[in-house]
Amino acid sequence: MKILFLTRQLGFGGAERQLVELTKGLHKRGVTVTVATFYPNGALDSELEAMGVPLRHLGKSGRWDLLGFFIRLVKLLRRETPDILHGYLPVANILAILFRWVVPRARIIWGVRASNMDPSRYDWLTRVIYRVEALLSGHADLIIANSEAAAEYGRTKGFPKDRMVVIPNGIDTDRFRPDPEVGREVQAAWGINDNTRVVGLVGRLDPMKGHPVFLHAAARLAPRQPDVQFICVGDGPEDYQKTLWELTHQLGLDSRLTWNGAQNDICSTLNAFDLLCSSSVFGEGFPNVVGEAMACGVPCVVADVGDSRRIVGDAGIVVEPDNPDALARGLEKMLGFLEENPTSTKDIQKRARERILDNYGLDE
C-alpha cells in the first residue's frame, strides 16, 4: 500500500508534529509513505529525512503561485500513483478532492484538526477555503478528526457523519518526559533564577490562541505574584506580533513577560515551565502542547475549548474561554496548589504524566 500525505509545510505546530509522528510510525511498519509539502524548508523536514521517508516539495513560491504549483502536483501524483491520498488541513483536503482525477483509484482521506473555528477573524480567502471544504466534504472517502470537538464541528458544517472517525493525537512519551535538570538549564539561559516560577504559553501567534487573554490575565496576576515570570513561545505574522508586543507594553508587563520565537527543542522548553497555560478562544481540536506538557509532568490550566477538558481530566484546571479574570483565577489557584508542599506538587505532576501515558501515548 502506498500513502501520499499532502500538507502545506512541516513547520512547528501540533498538526505538523502529528503528521510527522504518523508518517514515522507507518514507515516503521513497512508502509510505503511519501509526504508532499507546498513549501520547502519546514522545521520538521529533517526528522523525516533522517528516517529515509521520501519528502517532496512542490516549490510553491507564494499564495498566488498556482499554475506552476498545480502542474507540479499533477506530475507528482502521476509519478507516485498512491493508493491513499491523505490531505492534512483545509487547503490540502480541498486539493486532494480537486486532483482526484489524476489518481482515480486512490482513496481520499481528510485530516480535520480544528473545532468551532471563527473565520471572521481571518481574511476573505481563509473564509472561502472553509466554505469550499464544507461543500466538498461529501467527496472524501474518510474524514479523520483528531478530537471529539473537531468531529462535532465537522458535522455542524455538513461533513458526512457516516464517514467521520475520531483518532486522538498521540504523544511521544519517551521524548516528552520530565527532565528537571534540563529545565533548570533553560531557565538559566532565560536569566530566570531558582526562586522564580515560570508560567508559559506555547503556540503560534494566531487569533485562535488567545494571546491577548493570556496577557490580560498575566497583568491581573503579576501584582499578586511577584515571583512569577511569564513566557510566550511561538512565531507568527509580523503585524500581529507587533500588536501583541504593544499590548504587553500597555499592560505594564515588559519586565514580567518574555517573548521567545518557536523552539527546536520544545521538550526542554516545557520542562522549564512550572505551569503551562492554554488560553485558546476557539479553533482547538486536540492541543498537542497540553498533552506534551503533561507528559513532561507540567500541570496545565486550560481554556475549555476543543478537547482540552477531556485531555487534562482531574490533572489540571479548566476555565471559561475568552475570560481573563477566570484565567487569572485558574492560574493563581494552580500556583497556590503547587506552593502548598512538595508532596502535592509531585502528586499533580505524576497524575498529569500518567493521564497521558494511559490515554494518549503512541501505540508502538
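Cut-offs used in this document
- Residues numbered from 1 in each chain as written.
- Predicted model: local features only at pLDDT ≥ 70, side-chain atom pairs only at ≥ 80, totals over all residues.
- Heavy atoms only, no water.
- Pairing = 2+ DSSP bridges.
- Helix = DSSP H or I, 4+ residues; strand = E, 2+ residues; numbered from the N terminus.
- Axes fitted to C-alpha atoms, helices over the stretch in contact; angles between N-to-C directions.
- Contact = heavy atoms within 4.5 Å.
- Salt bridge = Lys/Arg side-chain N within 4 Å of Asp/Glu carboxyl O.
- Buried < 20%, exposed > 50% of the residue type's maximum accessible area, 1.4 Å probe, protein only.
- Core = buried A, V, L, I, M, F, W, Y, C linked by side-chain atoms within 4.5 Å.
- Patch = residues over 30% accessible without salt bridge, like charges linked within 9 Å, V, L, I, M, F, W, Y side chains within 5 Å.
- Areas by Shrake-Rupley, 256 points an atom, 1.4 Å probe, with all protein chains shown as cover.
- Parallel < 35°, antiparallel > 145°, perpendicular 65-115°, else oblique.
- Left-handed = near helix turned anticlockwise from the far one by under 90°.

Draft legend 1. Seen up close, the sheet that holds strand 13 (residues 316-319). In spatial order, the strands read 10-9-8-11-12-13; together these 6 strands make up an open sheet with parallel pairing. Lying at the two open borders of the sheet, with one neighbouring strand each, are strand 10 (257-260) and strand 13. Strand-to-strand twist in this sheet, taken as the mean axis angle between neighbours without regard to direction, amounts to 20°. Bridge count for strand 8 (residues 197-202) against strand 9 (residues 228-233) is 6 bridges, and the pairing is parallel. Its bridge partner lying in strand 9, Val-199 is registered against Phe-230. Helix 8 (residues 211-221) rests against strand 8, strand 9, strand 10 and strand 11 (275-278) of the sheet, and its axis sits at about 170° to strand 9.

Draft legend 2. Structural context of the pattern of salt bridges. This structure, assessed with the given rule, holds 22 salt bridges. Salt-bridge contacts for Glu-339 lead to Arg-197; the nearest nitrogen and oxygen are separated by 2.9 Å. You can see Glu-339 sitting in helix 13 (residues 324-340) and its partner Arg-197 sitting in strand 8, a full 142 residues away along the chain. Given a relative accessible area of 12%, Arg-197 falls into the buried group. Between Asp-325 and Arg-220 there is a salt bridge, with its nearest N and O atoms 2.5 Å apart. In this pair, Asp-325 is assigned in helix 13 and Arg-220 in helix 8, connecting sequence segments 105 residues apart. Given a relative accessible area of 38%, Asp-325 falls into the partly exposed group. Residue classification places Arg-220 among the partly exposed positions, given a relative accessible area of 32%.

Draft legend 3. Geometry of the nonpolar core. Val-199, Phe-214, Phe-230, Leu-257, Val-301, Leu-327 and Leu-331 are the most contacted members of the largest nonpolar core, which totals 40 residues. For this core, the elements supplying multiple residues, two or more each, are strand 8, helix 8, strand 9, helix 9 (238-250), strand 10, strand 11, strand 13 and helix 13. In terms of residues, this core owes the most to one element, helix 13, which gives 7 residues. When near neighbours in sequence (up to four residues on either side) are disregarded, Leu-331 contacts Val-199, Leu-221, Leu-275, Cys-277 and Val-301.

Draft legend 4. Looking closely at a nonpolar patch on the surface. A grouping of Trp-64, Leu-66, Trp-124 and Val-128 is seen on the molecular surface, where their side chains present a nonpolar patch of about 430 Å² in accessible area. On the secondary structure map, Val-128 appears in helix 5 (residues 124-136). With relative accessibility at 32%, the residue Val-128 sits in the partly exposed group.

Draft legend 5. Local environment of helix 11 (residues 288-295). Among the 8 residues in helix 11, 8 count as buried, and that is most of the element. Among all positions in helix 11, only Asn-288, Val-289, Val-290, Gly-291, Glu-292, Ala-293, Met-294 and Ala-295 are buried. At the C-terminal side of helix 11, Gly-297 shows a positive phi close to 80°.

Draft legend 6. Quick look at the packing of helix 8 against helix 13. Running from N to C, helix 8 and helix 13 point in directions that differ by 55°, and their axes come no closer than 8 Å. The orientation of helix 8 relative to helix 13 falls into the category oblique. Considering the relative orientation of helix 8 and helix 13, their crossing is right-handed. Touching Val-213, Phe-214, His-216, Ala-217, Arg-220 and Leu-221 of helix 8 are Pro-324, Asp-325, Leu-327, Ala-328, Leu-331, Glu-332 and Leu-335, all from helix 13.

Draft legend 7. Spotlight on unusual backbone geometry. Although it is not a glycine, Thr-81 adopts a positive phi angle of roughly 40°. Even without being a glycine, Leu-89 presents a positive backbone phi close to 85°. Here Leu-89 shows up in the loop between strand 4 (84-88) and helix 4 (90-98).

Keep in mind that these numbers describe shape and distance, not what the molecule does.
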